[in-house]
Number of protein chains: 2
Amino acid sequence: MADKYQQFTRTPLGKFATSKLGLPKPPVLRRYRPGQPPLDGPALLGAAPGGRLEKTLAAQLDSAGIEIVRAPSEGTRYGALVFDATGITDPTQLRELYSFFHPVIRDIGPSGRVVVLGTPPELVEGRERIAQRALEGFTRTVGKELKRGATSQLVYVAAGAEEASESTTRFLLSAKSAFVDGQVIRVGTVGTKTAQAPADWAKPLDGKVALVTGASRGIGAAIAEVLARDGAHVVALDIPAQGGELSAVANRVHGSALQLDITADDAPQRLADHLTQRHGGVDIVVHNAGITRDKTLAKMSESAWDAVITVNLAAQLAVNDKLLADGVLREGGRIIGVSSIAGIAGNVGQSNYATSKAGVIGMVNEAAPRMAERGGTINAVAPGFIETQMTAKVPLMIREFGRRLSSLAQGGLPVDVAETIAWYANPASAAVNGNVVRVCGQGFLGA
Amino acid sequence: MADKYQQFTRTPLGKFATSKLGLPKPPVLRRYRPGQPPLDGPALLGAAPGGRLEKTLAAQLDSAGIEIVRAPSEGTRYGALVFDATGITDPTQLRELYSFFHPVIRDIGPSGRVVVLGTPPELVEGRERIAQRALEGFTRTVGKELKRGATSQLVYVAAGAEEASESTTRFLLSAKSAFVDGQVIRVGTVGTKTAQAPADWAKPLDGKVALVTGASRGIGAAIAEVLARDGAHVVALDIPAQGGELSAVANRVHGSALQLDITADDAPQRLADHLTQRHGGVDIVVHNAGITRDKTLAKMSESAWDAVITVNLAAQLAVNDKLLADGVLREGGRIIGVSSIAGIAGNVGQSNYATSKAGVIGMVNEAAPRMAERGGTINAVAPGFIETQMTAKVPLMIREFGRRLSSLAQGGLPVDVAETIAWYANPASAAVNGNVVRVCGQGFLGA
């Protein structure tokens, strides 16, 4: 699945050319395979004095089968550097970041992980609030400085939600988060601060029913596969015109196919009926279906505007309303939206698409407190440059630009988006609510 | 002050080369000169049905001497397209954006202005919240599509703060906001929803005392000049080693010079004494002083870390505390921070700088409610690529990259940062509190 340039850089001629010309050498990212070691090397765990997460983190790493190291030692190649920064209550104490990372940042291995954990700034006051907000400048810079596929994230864990951070710690340290980089994640800030670990972390979705829209190909097919791998029964939905490919996906994941145009007036009712009658309800709803109708605003037709807003936003809201009103989405249910870097930063030729995808962020913000009331969550992913049939049609130079201009110097794969969605869907992510996480390799083309 | 490439593109050879090779042709941005017409052409004013801002906007445009047009007419070259989107309460109504802008977006003149006004999503509920949040995807895309120096912004005006939006409307429509593009601004969301128009919009700071740190050169000197132009007495502060240049700036702006190292233990006290004894207090504090000590984290010295955090963040907090505790900052006072795109997105070689500048955002968030209690405000600018002595030292290719990779295809000037600060400082901006506005030409190198 590597792009052609990436393949070229691995040939003898490519190695010579990239080294002589100083061209980017996209690393091969470590990706998840069942049974692989959780990390390629031990995790160095540190904390600023007075932190409240270190013990929990140690237990989480231990439970994940990760070897923990407490003090740096010469010659060690770390799989991860994990730092509890919750003890930092004044900007002068930010030097604790420097003291921990400076001596060891070079010793992180390929596809290594930096995770800094802090306290949500908006939940504390005074100097602590300022110092905690400052962490973001640090972790984003580290993400840009790291090479060879290593990533850097900041996780803000609300007081009381320490235990509920386990699914997030595991996801970010694992190879599942290969293309997530430079992100800021909040745990326990909207709704519950607790979560239940699954009986089996390799099958966290056992017994769950997951609806995936736009499931016949690309990112949607990858989502179906990953949720099924994690134990869910997948209801793969797409428009009738995609029926053949849809059946193939449904068969492959031992799920079921549902041909439905979600923009039809009666679609919410038909969907609710189907889920209730066939499956007794649904636990996970992934609004992956989306279309583009690109033109600059001056050249865009009214129908292109309407179609994109309808499919990418309005139809999803109608479905949510129906599934919630009728109790089809079971208690503890999850809604997961697919936004886009275009929804965050805007994009030439995509005024309709960017508006709809910014609206998906609005959908998450609006519904998160309501979902929390019924023990559920709503979050979104915002893919950056992902290698799909859709992006294969992007002109070559722009495609190359999108790929290389990121911390990881490459595009992501559909599975990277799917893994992030699976993290949201995990029952252990009950305290992960209201987040919008980019799956963009810390793409530089931002807002 | 145009960069060499920009100068080249205006020569006959340069015009030929850029057109043949498809190279970017950075437009000459219209910048403010006292007495110039407020806009190069009329403003087309529109509204979604049910909006609450249209009347206020019409009065504001009229008061600014801007010709208002209510319906598009063939052949008109607009100075601005202004749209009240507060009436949009459902995503399907987002088509109002399309209907207003699609037929006329091509008819906007050089350095023209698009301003969309909405309701802060976090202050409303349900579908309205989602639709209002979606506006951001639209205005950011329009900013990227517009050519020839035109810009696009979104202003969220809280209900009740309609009248208080005048300084913001004027700033965004004027040539003062030349390098502000693709931004989202909130009015009336933290603290007061009212504001008083100045007696003279050309001298809004008459009778005010403004402290500017790091004022001896670059952006600091430009801030001193612009605040003085607007009527303020400027206390220009810098370290003793900059004494000569500092005096020159102070003389030029008919202000006073204060040699002081703000990181000294007794600096807050000495500053408070100086401002009280010489000026009876201060109205505007601009924390412009900042340093860089760039190295990757692996190579950074502890002293480089500490120096940057101290100058760019800790010392500013100590000064704020003192000026507030002793009542040196007068009622209605303004504190203005200088963050950076690096503080938002991180930057290679700047883990210390990015941390400090993310902390400045934390400073704004933390202090905004406290400032509001005393009738004051705190906001920050986040400069992108600005042409200064500091950026002249950046390696050529990276500099070119930083310049061209933005909607305006060029770096900004120090005066662009200064004008944004003057907007915050304006007494009419009393309801502009807690904002962080990038002055970056919608630079693509974002978070």
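Counting restarts for each chain, with residues numbered from 1 along the sequence as it is written. Whichever chain is written first becomes A and whichever ligand is written first becomes 1, with later ones labelled in order. Side-chain atom pairs in this predicted model are given and counted only at pLDDT of 80 or more, local residue features only at pLDDT of at least 70, and totals for whole chains, interfaces and linings cover all residues. The side-chain quantities take in all heavy atoms of the structure and omit both hydrogens and water.

Quick word on the overall build of chain A
Put simply, the test is: Working definition: helices are DSSP H or I runs of at least four residues, strands are E runs of at least two. Numbering for both runs from the N terminus. Contact criterion: two residues are considered in contact whenever any of their non-hydrogen atoms come within 4.5 Å of each other. With residues, only the protein chains shown are counted as cover, and all accessible areas are computed by Shrake-Rupley using a 1.4 Å probe. The charge count includes Lys and Arg as positive and Asp and Glu as negative, but it does not include His or the ends of the chains. Note on charges: their place is set at NZ of Lys, CZ of Arg, CG of Asp or CD of Glu.
From N to C terminus, chain A includes 14 helices and 13 strands. Residue pairs at least 24 apart in sequence account for 75% of intrachain contacts in chain A once pairs closer than 6 positions are excluded. Carbon and sulfur atoms make up 52% of the accessible area of chain A, which totals about 16100 Å². Computed over 47 positive and 42 negative side-chain charges, the inter-centroid distance for chain A is 7 Å.

A few points about the sheet that holds strand β4 (residues 108–118) of chain B
The strands making up a sheet associate through backbone hydrogen bonding, with each pair oriented either parallel or antiparallel. Residues and elements named next belong to chain B. Applied cut-off: Between any two strands, pairing holds if DSSP finds at least two bridges. Every axis corresponds to a line fitted to the C-alpha atoms, with the helix fit spanning only the stretch in contact, and the corresponding angles, defined between N-to-C directions, vary from 0 to 180 degrees.
Strand order in the open sheet made by the 6 strands is β2-β1-β3-β4-β5-β6, with parallel pairing throughout. Of all strands in the sheet, those with a lone pairing partner are β2 (68–69) and β6 (184–187), marking the two edges. Strand direction decides the pairing type here: strand β1 (residues 43–47) and strand β3 (residues 78–84), joined by 5 bridges, are parallel. Following the sheet pairing, Leu-44 is matched in β3 by Leu-81. Helix α3 (residues 54–63) contacts β1, β2, β3 and β4 of the sheet and is inclined by roughly 165 degrees relative to β1. Here helix α6 (residues 166–173) sits on the sheet in contact with β3, β4, β5 (151–157) and β6, set at roughly 155 degrees to β4.

A look at the packing of helix α12 (residues 351–373) of chain A against helix α5 (residues 126–145) of chain B
Formally: The hand of a helix crossing depends on one turn: near helix anticlockwise from the far one by less than a right angle means left-handed, and clockwise means right-handed. Under the scheme applied, nonpolar residues are Ala, Val, Leu, Ile, Met, Phe, Trp, Tyr, Cys and Pro; charged residues are Asp, Glu, Lys and Arg; polar residues are all the others, including Gly.
Remark: α12(A) packs on α5(B), axes separated minimally by 7 Å, with the N-to-C direction vectors making an angle of 145 degrees. For the pair α12(A) and α5(B), the sense of crossing is right-handed. Contacts from A:Ser351, A:Ala354, A:Thr355, A:Ala358, A:Gly359, A:Ile361, A:Gly362, A:Met363, A:Asn365 and A:Glu366 in α12(A) reach B:Gly126, B:Arg129, B:Ile130, B:Arg133, B:Ala134, B:Gly137, B:Phe138, B:Thr141 and B:Glu145 in α5(B). In terms of residue class, the contact of α12(A) with α5(B) is built from 7 nonpolar, 8 polar and 4 charged.

A word on the UniProt feature "domain: Ketoreductase" (unreviewed entry) in chain A
Our working definition: UniProt positions are given in the numbering used here, feature names are shortened, and annotations may be inferred rather than shown by experiment.
Those places that UniProt annotates as "domain: Ketoreductase" (unreviewed entry) correspond, in this numbering, to residues 208–389 of chain A. Helix makes up 48% of residues 208–389 of chain A and strand 21%. Its end C-alpha atoms lie 30 Å apart.

Some words on the packing of aromatic side chains
Filter applied, for reference: By convention, a stacked pair of Phe, Tyr or Trp rings (six-membered ring in the case of Trp) has centres within 6.5 Å and planes under 30 degrees apart, an edge-to-face pair has planes over 60 apart, and any other such pair is tilted. We call a residue buried when its accessible area falls under 20% of the maximum for its residue type, exposed when it is over 50%, and partly exposed in between, using a 1.4 Å probe and counting protein chains only. Only Lys NZ and Arg CZ are tested; either one counts as a charge over a ring when it is within 6 Å of the ring centre and within 35 degrees of the ring normal.
For the coordinates displayed, the defined rule picks out 16 aromatic pairs over all chains. Pairing A:Trp305 with B:Tyr98 gives two aromatic rings, centres 5.9 Å apart and planes at 35 degrees, and the pair type is tilted. With one member in each of two chains, A:Trp305 in helix α10 (residues 302–325) and B:Tyr98 in helix α4 (residues 95–101) form a pair that bridges those chains. Comparing A:Trp305 with B:Tyr98 shows no difference in burial state: the two are buried. Put simply, the rings of A:Phe83, A:Tyr98, A:Phe100, A:Phe101, A:Phe138 and B:Trp305 pair up and form one aromatic cluster. One Lys or Arg, A:Lys176, reaches over the ring of A:Tyr32 and ends 4.5 Å from the middle of that ring.

Observations regarding α6(B)
Of all the 8 residues making up α6(B), 8 are buried; the element is thus mostly covered by neighbouring parts of the structure. Within the sequence span of α6(B), burial applies to B:Glu166, B:Ser167, B:Thr168, B:Thr169, B:Arg170, B:Phe171, B:Leu172 and B:Leu173.

Re the side chain of B:Gln442
Rule in force here: Side-chain atoms alone can form a polar contact between residues adjacent in sequence; in general such a contact is a pair of N or O atoms within 3.5 Å, and within protein one must be able to donate a hydrogen while the other accepts it.
Among the structural elements, B:Gln442 can be located in the segment after β13 (436–439). Within the local environment of B:Gln442, its side chain forms a polar contact with the backbone oxygen of B:Arg140, the two atoms lying 2.9 Å apart. Contacts of B:Gln442, omitting those with residues within four sequence positions, involve A:Ala345, B:Arg140, B:Gly143, B:Lys144, B:Asp181, B:Gly182, B:Ser406 and B:Ser407.

Things to note about the environment of B:Ala418
Residue and element names in this part refer to chain B. With respect to the helices and strands, Ala-418 occurs in helix α15 (residues 414–425). Taking the C-alpha atoms as reference points, Ala-418 and Ser-177, separated by 241 residues in sequence, lie 9.9 Å from one another. What Ala-418 contacts, discounting residues up to four positions off in sequence, is Ala-222, Ile-223 and Val-226.

What to know about the sheet that holds strand β13 (residues 436–439) of chain A
All names here are of chain A. The sheet built from 7 strands is open, its strands ordered β9-β8-β7-β10-β11-β12-β13 with parallel pairing. One side of each edge strand has no neighbouring strand; the edge strands of this open sheet are β9 (256–259) and β13. Pairwise comparison of adjacent strand axes, ignoring direction, gives a mean angle of 20 degrees for this sheet. Sheet topology places strand β11 (residues 329–338) next to strand β12 (residues 377–383); 5 bridges connect them, and they run parallel. By the bridge assignment for β12, Ile-336 is matched with Asn-379. Helix α8 (residues 243–252) rests against β8 (233–238) and β9 of the sheet, and its axis sits at about 160 degrees to β9. Running over the sheet, helix α9 (residues 267–279) touches β7 (209–213), β8, β9, β10 (282–287) and β11 and is turned about 155 degrees from β8.

Thoughts on the relation of the copies chain A and chain B
Two copies of the chain are present, and they differ by a rotation about an axis and a shift along that axis. Put simply, the rule reads: What sets the superposition is a least-squares fit of C-alpha atoms, and only residues with pLDDT of at least 70 in both copies go into it.
The two copies are related by a screw operation: chain A maps onto chain B through 180 degrees of rotation and 0.0 Å of translation along the axis, at an RMSD of 0.0 Å. Considering both components of the superposition, the chain copies are consistent with a two-fold axis.

Overview of the pattern of salt bridges
Residue and element names in this part refer to chain A. To be explicit about the condition: By definition here, a salt bridge exists when the distance from a side-chain nitrogen of Lys or Arg to a carboxyl oxygen of Asp or Glu is within 4 Å.
In the structure shown here, the tally under the stated rule is 34 salt bridges over all chains. The salt bridge involving Asp-416 is made with Arg-31; its shortest N-O contact spans 2.8 Å. With a gap of 385 residues between them, Asp-416 in helix α14 (residues 414–425) and Arg-31 in the loop between α2 (12–21) and β1 (43–47) connect regions that are remote in the sequence. With relative accessibility at 2%, the residue Asp-416 sits in the buried group. Residues Arg-140 and Glu-136 are paired through a salt bridge, measuring 3.1 Å at the closest nitrogen-oxygen approach. Highlighted residues: Arg-140 and Glu-136, both in helix α5 (residues 126–145), separated by 4 residues, approximately one helical turn.

Overview of the confidence of the model for chain A
Heads up, the rule is: Confidence per residue, as judged by the predictor, is encoded in pLDDT with a range of 0 to 100.
Looking at chain A, pLDDT values average 94 and 96% of them are 70 or higher. The ipTM for the predicted assembly is 0.95, set against a pTM of 0.96.

Looking at helix α9 (residues 267–279) of chain B
Residues and elements named next belong to chain B. Formally: Here, expected helix span is obtained from the residue count minus one, scaled by 1.5 Å. Taking the helix axis as origin, the arc is that swept by the directions to the C-beta atoms.
Given a rise of 1.5 Å per residue, 13 residues ought to cover 18 Å, and the 17 Å separating the end C-alpha atoms of α9 matches this to within 8%. Of all the positions in α9, only Ala-267, Pro-268, Leu-271, Ala-272, His-274 and Leu-275 are classed as buried. Down the axis, α9 shows its buried residues gathered within 165 degrees of arc, on one side only. In the core, the buried residues of α9 are packed alongside β7 (209–213), β8 (233–238), β9 (256–259), β10 (282–287) and α10 (302–325). Directly beyond the C-terminal end of α9, a positive phi value near 70 degrees is found at Gly-280.

A closer look at the packing of α5(A) against α10(B)
Put simply, the rule is: Roughly parallel refers to an angle under 35 degrees, roughly antiparallel to one over 145, roughly perpendicular to one between 65 and 115, and oblique to any angle outside these ranges.
It is the contact of α5(A) with α10(B), at a shortest axis distance of 13 Å, that shows an interaxial angle of 150 degrees. In terms of their interaxial angle, α5(A) and α10(B) are classed as roughly antiparallel. By crossing handedness, the relation of α5(A) to α10(B) is classed as right-handed. Within the contact between the two elements, α5(A) uses A:Arg127, A:Ile130 and A:Phe138 and α10(B) uses B:Trp305, B:Leu313, B:Leu317, B:Ala318 and B:Asp321. Class assignment of the residues belonging to the contact of α5(A) with α10(B) gives a composition of 6 nonpolar, no polar and 2 charged.

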